[in-house]
Amino acid sequence: MVHLSLDRSVSCKRGTVVFEVSDLTKREFGDKNFDVIYSRDTLLHIPDKQQLFKDFFRWLKPNGRLLITDYCCGEGEHTDEFKTYVKQRGYVLHSVPEYGRLLERAGFDSVVAENRNEQFLRVLRRELGETEANRKKFISDFSEKDFTDLVSGWKAKVGRVSQGDQCWGLFTAKKSA
């Protein structure tokens, strides 16, 4: 994804957008450095989200914006299968409302925390259907095992989301002036 973004930014020849792959738990950017911070489905790997959100707040300029999508857990009791899945992956998941509270405690204003499961299910089902429709091409590029693993993983994710164990959250927030 970063390579695609870099290629597109060079071809557009606009602005001074910089892309970097780094460990945000070890990287320092300095105070009031960014207008916008964006993260898509990656923070589930970060154990101390509260500290990371405090860093995001510090790194943003006044009136800076934050946009995050991330995997979350449902608010209710979770199945043993889901608990095993989360543990195997090493994920650290919060519910959508808890994610929002973490952002507020970090100092953000205008926090919006949305459960986007309906959209997530539509996307998952569409992508699963497209993958299954292109089975022969996929297998010619990869392998039958890769195809089977991918499809079974997708179906399991649809199940987890449908049961309410797993959620997809959309979060926006602002650092006031």
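Refer to the preceding data block for the structure.
Parameters at a glance
Residues numbered from 1 in each chain as written. Predicted model: local features only at pLDDT ≥ 70, side-chain atom pairs only at ≥ 80, totals over all residues. Heavy atoms only, no water. Buried < 20%, exposed > 50% of the residue type's maximum accessible area, 1.4 Å probe, protein only. Helix = DSSP H or I, 4+ residues; strand = E, 2+ residues; numbered from the N terminus. Contact = heavy atoms within 4.5 Å. Phe/Tyr/Trp six-rings, centres within 6.5 Å; stacked < 30°, edge-to-face > 60°. Polar contact = N/O pair within 3.5 Å; in protein donor to acceptor, adjacent residues only side chain to side chain. Patch = residues over 30% accessible without salt bridge, like charges linked within 9 Å, V, L, I, M, F, W, Y side chains within 5 Å. Areas by Shrake-Rupley, 256 points an atom, 1.4 Å probe, with all protein chains shown as cover. Salt bridge = Lys/Arg side-chain N within 4 Å of Asp/Glu carboxyl O.

### A look at helix H2 (residues 49-59)
And then number 1: Listed as buried for H2 are Lys49, Gln50, Leu52, Phe53, Asp55, Phe56 and Trp59.
And then number 2: Along its buried surface, H2 packs onto strand S1 (34-40), strand S2 (60-73) and helix H4 (96-105).

### Focus on the packing of aromatic side chains
And then number 1: Summed over all chains, the structure comprises 13 aromatic pairs.
And then number 2: Taking the centre distance of 5.6 Å and the plane angle of 45° together, the rings of Tyr71 and Phe120 count as tilted. Note that Tyr71 is positioned in strand S2 and Phe120 in helix H5 (residues 117-133), a separation of 49 residues in sequence. Both residues of the pair, Tyr71 and Phe120, count as buried.
And then number 3: Residues Tyr85 and Tyr91 carry aromatic rings whose centres are separated by 5.8 Å and whose planes lie at 80° to one another, so their mutual orientation is edge-to-face.
And then number 4: With a relative accessible area of 11%, Tyr85 lands in the buried category.

### Thoughts on the side chain of His78
And then number 1: Take His78: it is sitting in the loop between S2 and helix H3 (80-89).
And then number 2: A polar contact is formed between the side chain of His78 and the backbone oxygen of Gly74, at a distance of 2.8 Å.
And then number 3: In this structure the side chain of His78 is engaged in a polar contact, spanning 3.4 Å, whose partner is the backbone oxygen of Gly76.
And then number 4: Excluding residues within four positions of it along the chain, His78 makes contact with Cys73, Lys83 and Asp165.

### Some points on a nonpolar patch on the surface
And then number 1: A cluster of nonpolar residues, Val36, Tyr38 and Leu67, forms a patch on the protein surface that exposes about 290 Å² of accessible area.
And then number 2: Looking at the secondary structure, you find Val36 in strand S1.

### Digging into the pattern of salt bridges
And then number 1: As enumerated under the stated definition, the model contains 15 salt bridges in all.
And then number 2: Here Glu130 and Arg126 are joined by a salt bridge, their closest N and O atoms 3.6 Å apart. Placement of the pair is Glu130 and Arg126 together in helix H5, with a separation of 4 residues, close to one helical turn.
And then number 3: Look at Glu130 and you get partly exposed, because its relative accessible area is 42%.
And then number 4: For Arg126, a relative accessible area of 46% gives the class partly exposed.

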